[in-house]
Amino acid sequence: HFSLSVNRQAQAYTLEMTEAELATTGAKMTYHFSRFHYPGVYFQAGFDQWNNDNTQWNTFLSLYTFVTRRPVVKTGFNISAMGFRNNMDQLYFSPSIYTSGEAFLQIEKNDPNKKWFYFLEGAYGMQKIEEQSPQSTMRARAQLGYRFTRSLSIRIEGFYNTSATT
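Procedures and definitions
- Residues numbered from 1 in each chain as written.
- Predicted model: local features only at pLDDT ≥ 70, side-chain atom pairs only at ≥ 80, totals over all residues.
- Heavy atoms only, no water.
- Salt bridge = Lys/Arg side-chain N within 4 Å of Asp/Glu carboxyl O.
- Helix = DSSP H or I, 4+ residues; strand = E, 2+ residues; numbered from the N terminus.
- Polar contact = N/O pair within 3.5 Å; in protein donor to acceptor, adjacent residues only side chain to side chain.
- Patch = residues over 30% accessible without salt bridge, like charges linked within 9 Å, V, L, I, M, F, W, Y side chains within 5 Å.
- Areas by Shrake-Rupley, 256 points an atom, 1.4 Å probe, with all protein chains shown as cover.
- Buried < 20%, exposed > 50% of the residue type's maximum accessible area, 1.4 Å probe, protein only.
- Pairing = 2+ DSSP bridges.

Caption draft 1: How the structure looks around the pattern of salt bridges. Taken as a whole and judged by the stated rule, the model has 4 salt bridges. One continuous salt-bridge network, built from bridges that share partners, spans Glu-102, Glu-121 and Arg-139.

Caption draft 2: Examining the environment of Glu-102 more closely. Note that Glu-102 resides in strand E6 (residues 98-109). Between the C-alpha atom of Glu-102 and that of Ala-45, which follows or precedes it by 57 residues, the distance is 18 Å. Of note is the side chain of Glu-102, whose polar atom sits 2.5 Å from the side chain of Arg-139.

Caption draft 3: The arrangement of a nonpolar patch on the surface in detail. On the surface, Phe-2, Leu-4, Tyr-31, Phe-33 and Tyr-38 cluster together into a nonpolar patch covering about 550 Å² of accessible area. Residue assignment for the nonpolar patch shows that the elements contributing at least two residues are strand E1 (2-10) and strand E2 (23-33). Structurally, Leu-4 can be placed in strand E1. The class for Leu-4 is exposed, based on a relative accessible area of 65%.

Caption draft 4: Spotlight on the pairing of strand E8 (residues 135-149). Note: strand E7 (residues 116-129) against E8, 12 bridges, orientation antiparallel. Bridge pairing links Ala-123 to Arg-139 in E8. Where E7 hands over to E8, the hairpin turn is made up of 5 residues, of which Glu-130 adopts a positive phi near 50°. Here 10 bridges tie E8 to strand E9 (residues 152-161), and the two strands are oriented antiparallel to one another. In the strand pairing of E9, Gln-143 is matched with Glu-157. From the end of E8 to the start of E9, which pair antiparallel, there are 2 residues.

So this is what it looks like as structure tokens:
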């Protein structure tokens, strides 16, 4: 699967960003290959023009494999990099260069014919922000849900992340 997209997006993650009426216009290229018995590849590259005269580039690569089907167990590595032309740290995280890599494990059981479903994910890795020393990162996500009908469910979710980006 290959796709190209162009978008415009409001950047309103904080009160300061909302007050500054920040927005981006960008282009993104995505490639995804996945088969159960083969290694999977997900790649994304993008470029954004901010309306405050800043630019951003970003790349992401995930190499993974499925271990089992029921439940779905997936493990692999993620690598990402991004950078900004101007540092705007008073408004948003905008290093000239940011790189990260992590190993991850996901476990999911979500059979549409069953009432209970869950998703668990854990990752450990390293990040480097500009000239700073590398730092370790951890990520964890857990979701538990109950399906009343095919179109009505309830879920509870928790998320923990020590990375500079999400």
